[in-house]
Amino acid sequence: MKSIAIIGAGPAGLVAAKTLLHSYPIGTFAVTIFEQGTSVGGLWAVEANPNYGLINPDMSTNLSQFTVCFSDLAWETLELQPAANIFPKAWQVNRYLEYYARKFIPAGVISFQTQVKNAEQIHADGRSKWEITFINLRDQSEKNQMFDCLIIATGLFSGPGPVPFELDGTDFSLSSAHILHSSGFRRLGDLSSTGQQPSQGKILIVGGSHSGAEVAAAIAMQMSDARYSPSGSGIEPLEIIHAVPYPLFALPPFVQSDKGLSPTFMPLDVLLNDLSSRLDDPISFGYGHTNPEKQGQLEGLLETLMNGARDEKDSGGSEKEKPTQFNTPYAVISESYVEFVRSGAITPILGRVVRLSNQKEEITQKGTELICATIIEDSVEIKIKDIVAVVNATGFSSPALDFISSNLKDSIGLDANYPHLPLLLNRDASTSSGTAPRSLALIGFSYGSYWGVLETQARIVAKKWALDDESSLSLPSDLDEKSEKLYSFMKELRSTMKDNPSSVPQNFLGDYPGLMEEASRELGLQRVDLNWGPKEGMVNPARYIDSRVDSAEARKTMKKLQKMTDASANYREFSARATFRALQGNWNVKSKGSLGSTTNALPMTATFNPRCPTDITFDLEYLFVLRAEEPNRPSDCDTHANELERSVYRLRETANEIEVWNVNPREDLTVDKLRYTLKFSKATSDDKKRCLTLEVELSTDPKYMATVHSFQFSGVHVTKFTIGDRSNDPSLGDTSIFEFSR
């Protein structure tokens, strides 16, 4: 029996332990997990540390539950209340991992509140062992234990990254202006040293990664909620400046599928990881440097996903201008970032923040000192003044791995100067290197590791160690041609990161489908394709299972995935959420019908103001305000005087419905009575116009048979929509129609 030490009880450590204990006969491996926290989950242990972890418990994942899962545990087995949507929240991921640990990890295997101080390889009598020195954090006692093999599963991120800009010699800890890392934001009070929501100044977000877009949208959302919620502060939202070093493509989690012109929607990762899009046979892991041609193809894909396909008629027959500078596009996933930018709540500025300084000559009425930021773009200096808070969203620190020797760090290529490629792991699905001991494995250190990749890495490591004898464990791994080629690519990539970082592709080792398919063949895994062919449908962990594991959970996941795919194509699944997201922000409105000549003649505007749901049974909510824009109207007049309507739009994602509610006439932010429900499963489509149309019977008024909503899509955007009443009384005709456009 081989003894295995695992450091870390996050997703990587848990799936490694499960694989070692359940995929091989009892007695093959003995496992001990060292976890310095009080619960499993790693970064996802958000319920134990809701205010201090790196992840907000209410943050939704940017990958669907068909990617954020393991092969032998289906999400519905958990019976969560409320049930997880397709994109689970962080606290639900935490519950998933807790359930997984209870199901697969025997009591006593995980040693909580235990910090590994040192892990050293000891050689004696031609054999090697790992001496693990660890500290019990409850009583600070120190002990040693010997193991045959070591798995490091502490994760790619060790903590918030350092401030990447000069602070101009100012001690900002003594200033009332505030600087924080994006992982420290939970509520608006975090933007102020007083703990209160700031009411003056600007908010500066620094960093163009996923975390930058997420925190910018989160702050904009909370500011909108504070202004438009019945329980909010009423403070007007502050301007949010987002400094990004490169242009962003902010994709929502649901995009149009490529099956015809009719608007149908699919989770983004389901579409991108569809095996039918692969031309290689057999499908295999691929990587390589980018070039202008690949860049153009990627930009074309992102453009199509965002704005829809354009034919010659749409584009005037002209070809897209080729970029004069070779910069790779950067894509992030965000539900609402694009719409907050469109509405003006977030203002992106291209450039790098190089300096912050106290704006000593400017102090707000409440005594808060403001900050001035210096941004450089193409040698042009830009000054942003009146900043009350700065959020550093430039990423996280590389793994320190302080508990291993410098020689071991060198053997795995550890270099903190390359945060996107801190390790050179070129063997065994990026778990080892050619110079590291065979008895050492690192799982979960690939940038952007998918859970299916973690499970694949665990299987490869377990198989290698199950076949090795004790003498071979002390030797370095043998290098093959494939590993040497990958190592050369990684070294070249680091040089490019140093000399020309803008040309580095975003996911340089991110061929998730290729890795899963190639590894499944090499490991001899069983496939669970159900109704799909081997090159059809989405790659996900449940398609590849061990022979010793019960297939029931995998089949449950695959059935749900295939049912969802069918519902998307044939029953408008996710259309309500995709439509709801696209309504956010400001619209120009025209009307015709029986509203009156005065109203018909006035220009109107409408705003869908996002706020947190005022009823927990809903997923998303807007306060809708329709206004008549009267010319020459004094700006200090009552803002309610020109309002024509207020209502509340609410989303029920699992029901695929949007509900429209009246507001209380005495409390215009409070929901009153349900007006009608838009059932998107019953929507009809116009392929030529790329529209979804819904009719709702209004049984309360015999004069009107239905209210009709029609939404016209281009990519993920609703470009225009109409709301009208269709009457039973021929003499009334179409009594009112509102036309909304951007």
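Bear in mind that the values here come from a model prediction, so they are computed numbers and not experimental data.

K.L.:
Break down the nonpolar core for me, with residues and values.
P.N.:
Membership of the largest hydrophobic core comes to 61 residues, with the highest contact counts inside it found for Ile4, Ile6, Leu14, Val31, Tyr96, Ile151 and Trp451. When residues of this core are traced back to their parent elements, those giving at least two are strand E1 (2-7), helix H1 (11-22), strand E2 (29-34), helix H2 (90-104), strand E7 (149-152), helix H9 (451-467) and helix H12 (512-523). Excluding its chain neighbours within four sequence positions, the residues that come into contact with tryptophan 451 are Pro11, Trp44, Thr67, Val68, Cys69, Phe70, Val93, Tyr96 and Leu97. Trp532, Met558, Ala683 and Leu692 belong to the second-largest nonpolar core, a separate cluster that totals 49 residues.

K.L.:
Explain the side chain of threonine 677 residue by residue, including any values.
P.N.:
Along the chain, threonine 677 falls in strand E29 (residues 671-679). Residue threonine 677 is classed as buried on the basis of its relative accessible area of 17%. In contact with threonine 677, not counting residues within four places along its chain, are Glu657, Ile658, Glu659 and Val696.

K.L.:
Got a sec to walk through the pattern of salt bridges? Specific residues and values, please.
P.N.:
By the definition in use, this model includes 36 salt bridges. Its salt-bridge partner being lysine 18, residue glutamate 455 comes within 3.5 Å of it at the nearest N-O pair. With a gap of 437 residues between them, glutamate 455 in helix H9 and lysine 18 in helix H1 connect regions that are remote in the sequence. Overall, the relative accessible area of 1% leaves glutamate 455 in the buried class. Each of Lys18, Asp72, Glu455, Arg459 and Asp546 takes part in one network of salt bridges that share partners.

K.L.:
Tell me about the packing of H9 against H12, and name the residues and values.
P.N.:
Close contact between H9 and H12 brings their axes to 10 Å; oriented N to C, the two are set at 30 degrees. By the angle class used here, H9 and H12 are roughly parallel. Considering only the axes of H9 and H12, their crossing is left-handed. Where H9 approaches H12, its residues Gly452, Val453, Thr456, Arg459, Ile460 and Lys463 are matched on the opposing element by Tyr512, Leu515, Met516, Ala519, Glu522 and Leu523. When grouped by side-chain class, the residues that make up the contact of H9 with H12 number seven nonpolar, two polar and three charged.

K.L.:
Before we move on, can you summarise the packing of aromatic side chains with the specific residues and values?
P.N.:
The geometry of two aromatic rings is summed up by the distance between their centres and the angle between their planes. According to the stated counting rule, one finds 27 aromatic pairs in the structure shown. Taken together, a centroid distance of 4.9 Å and an interplanar angle of 40 degrees make the contact between phenylalanine 34 and phenylalanine 134 tilted. Here phenylalanine 134 lies in strand E5 (residues 127-136) and phenylalanine 34 lies in strand E2, a separation of 100 residues in the sequence. With respect to burial, phenylalanine 34 and phenylalanine 134 carry one shared label: buried.

Cut-off values and rules
Residues numbered from 1 in each chain as written. Predicted model: local features only at pLDDT ≥ 70, side-chain atom pairs only at ≥ 80, totals over all residues. Heavy atoms only, no water. Core = buried A, V, L, I, M, F, W, Y, C linked by side-chain atoms within 4.5 Å. Buried < 20%, exposed > 50% of the residue type's maximum accessible area, 1.4 Å probe, protein only. Helix = DSSP H or I, 4+ residues; strand = E, 2+ residues; numbered from the N terminus. Contact = heavy atoms within 4.5 Å. Salt bridge = Lys/Arg side-chain N within 4 Å of Asp/Glu carboxyl O. Axes fitted to C-alpha atoms, helices over the stretch in contact; angles between N-to-C directions. Parallel < 35°, antiparallel > 145°, perpendicular 65-115°, else oblique. Left-handed = near helix turned anticlockwise from the far one by under 90°. Nonpolar A, V, L, I, M, F, W, Y, C, P; charged D, E, K, R; others polar. Phe/Tyr/Trp six-rings, centres within 6.5 Å; stacked < 30°, edge-to-face > 60°.

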